[in-house]
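# Descriptive structure summary
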Amino acid sequence: ITVSRQAVEDGGWVERHTDVTELRRAEKQLSYLAGHDALTELPNRRHFRAKIDEALLPVDGTKQFAVMFLDLDKFKAVNDNIGHAAGDELLKQVAKRLSDCVTADDCVCRLGGDEFAVLQFSGQQPEAASELAERLAQAILRPFVIHGRDVHIGVSIGIAISGQDGGTASVLLQNADMAVYQAKEDGSSSYRFFTSELSDLQRMRHRLE
């Protein structure tokens with residue numbers, strides 16, 4: 001309830017009470033939609049970057065965390081062969097499996113398309129990231145049942161560790177993304193950590209192009 005009061009010329013005042021429940025509910029919903037993916041209800045890219053920025057603040061920035069980029073393998077074939085409705089259902093089931101693999105301290109996001117991301121704050125790095133990447137890959141390898149059909153996909157994972165692989169959100173995201181491409185070259189359902197060699201290789205490829 002909002003209350004406004006207006007004085008009148010001959011003394012006293014007029015007070016107005018307004019029920020703003022629906023307005024506040026709408027504002028809350030808009031705020032939620034701005035930071036979440038409509039299909040999977042996971043946090044979105046904007047929320048993801050904000051979480052990294054928050055984790056890099058001096059108060060929390062002393063503890064290492066892992067930034068993981070996940071790119072689904074063979075997802076396009078699902079859209080092409082079964083349809084986009086099946087692809088949407090698959091994305092929702094993938095989101096559920098990824099969320100089941102992490103702790104309450106971690107964060108799973110959908111960046112867009114068939115790309116997801118994980119912020120891992122729990123555990124000692126980089127060992128914890130390796131263990132989580134294995135769990136994530138195995139979870140996605142299990143068959144999905146989509147519209148009565150078994151669907152098999154994989155996932156490629158790129159990992160960057162805060163501090164050693166970058167001190168800003170942009171650099172960490174770029175390096176994790178770079179590691180994803182190397183993981184894809186290594187074969188489906190593999191993961192790679194960012195290394196300086198990957199950065200040198202990427203620069204060489206850009207010069208070649």
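Here, every reference points to the structure presented above.
For the structure given in this document, a descriptive report is provided here. (Residues numbered from 1 in each chain as written. Predicted model: local features only at pLDDT ≥ 70, side-chain atom pairs only at ≥ 80, totals over all residues. Heavy atoms only, no water.)

### Here we look at the overall build of the chain
Across its full length, the chain holds seven helices and nine strands. Rg of the C-alpha trace for the chain: 23 Å, well past the compact-globule value of 17 Å for 209 residues, more than 25% over. Each of the three principal axes of the chain carries a C-alpha extent, and together these read 85 × 50 × 35 Å. Looking at the chain as a whole, 42% of its 209 residues are labelled buried. Looking at the chain alone, contacts between residues at least 24 apart form 60% of all its contacts between residues at least 6 apart. Element-wise, carbon and sulfur atoms account for 51% of the exposed surface of the chain, whose accessible area totals about 12000 Å². Considering the chain, the positive charge centre built from 24 side chains and the negative charge centre built from 32 side chains are found 2 Å apart. (Helix = DSSP H or I, 4+ residues; strand = E, 2+ residues; numbered from the N terminus. Rg over C-alpha atoms; globule rule 2.2 N^0.38 Å. Buried < 20%, exposed > 50% of the residue type's maximum accessible area, 1.4 Å probe, protein only. Contact = heavy atoms within 4.5 Å. Areas by Shrake-Rupley, 256 points an atom, 1.4 Å probe, with all protein chains shown as cover. Lys, Arg positive; Asp, Glu negative; His and termini not counted. Charge placed at Lys NZ, Arg CZ, Asp CG, Glu CD.)

### A word on unusual backbone geometry
That bond from Gln-125 to Pro-126 is cis: its omega, 5 degrees, falls within 30 degrees of zero. Locating Pro-126 in the fold gives a position in the loop between strand E5 (115–120) and helix H5 (127–141). With a phi angle near 65 degrees, Glu-41 is a residue other than glycine that sits in the positive phi range. The residue Glu-41 is located in the loop between helix H1 (21–35) and helix H2 (45–55) in this model. You can call Glu-41 exposed: its relative accessible area is 55%. Despite not being glycine, Lys-74 has its phi angle at roughly 70 degrees, a positive value.

### Observations regarding the packing of helix H6 (residues 169–186) against helix H7 (residues 196–208)
Two elements in contact, H6 and H7, have axes separated by 10 Å at closest approach and are oriented at 85 degrees. Taken as axis vectors, H6 and H7 run roughly perpendicular relative to one another. On H7, the residues that touch Met-178, Ala-179, Gln-182 and Glu-185 of H6 are Leu-198, Ser-199, Leu-201, Gln-202 and Arg-205. Taken together, the residues of the contact of H6 with H7 break down into four nonpolar, three polar and two charged. (Axes fitted to C-alpha atoms, helices over the stretch in contact; angles between N-to-C directions. Parallel < 35°, antiparallel > 145°, perpendicular 65-115°, else oblique. Nonpolar A, V, L, I, M, F, W, Y, C, P; charged D, E, K, R; others polar.)

### Re the environment of Leu-208
Counting through the fold element by element, Leu-208 comes out in helix H7. On the basis of relative accessibility, which here comes to 76%, the residue Leu-208 falls in the exposed class. Measuring from C-alpha to C-alpha, the distance between Leu-208 and Phe-65 comes to 34 Å, with 143 residues separating the pair along the chain.

### A look at the pattern of salt bridges
Taken as a whole and judged by the stated rule, the model has nine salt bridges. Where Glu-15 meets Arg-5, a salt bridge forms, and the shortest distance between an N and an O atom there is 2.9 Å. In this pair, Glu-15 sits in strand E2 (residues 13–18) while Arg-5 sits in strand E1 (residues 2–7), placing the two residues 10 residues apart along the sequence. Look at Glu-15 and you get partly exposed, because its relative accessible area is 35%. Overall, Arg-5 belongs to the exposed group, its relative accessible area being 56%. Each of the salt bridges in this network shares a partner with another, and the network as a whole consists of Asp-71, Asp-73 and Lys-184. (Salt bridge = Lys/Arg side-chain N within 4 Å of Asp/Glu carboxyl O.)

### Here we look at the pairing of E2
For E2, the tally of buried residues reaches only zero of six residues, placing the bulk of the element at the surface. Of the pairings in the sheet, the one linking E1 to E2 comprises six bridges and is antiparallel in character. Bridge pairing links Val-3 to His-17 in E2. Taking the residues that link successive antiparallel strands as the turn, the E1-E2 hairpin has five residues, and the phi of Gly-11 there is positive, at about 100 degrees. (Pairing = 2+ DSSP bridges.)

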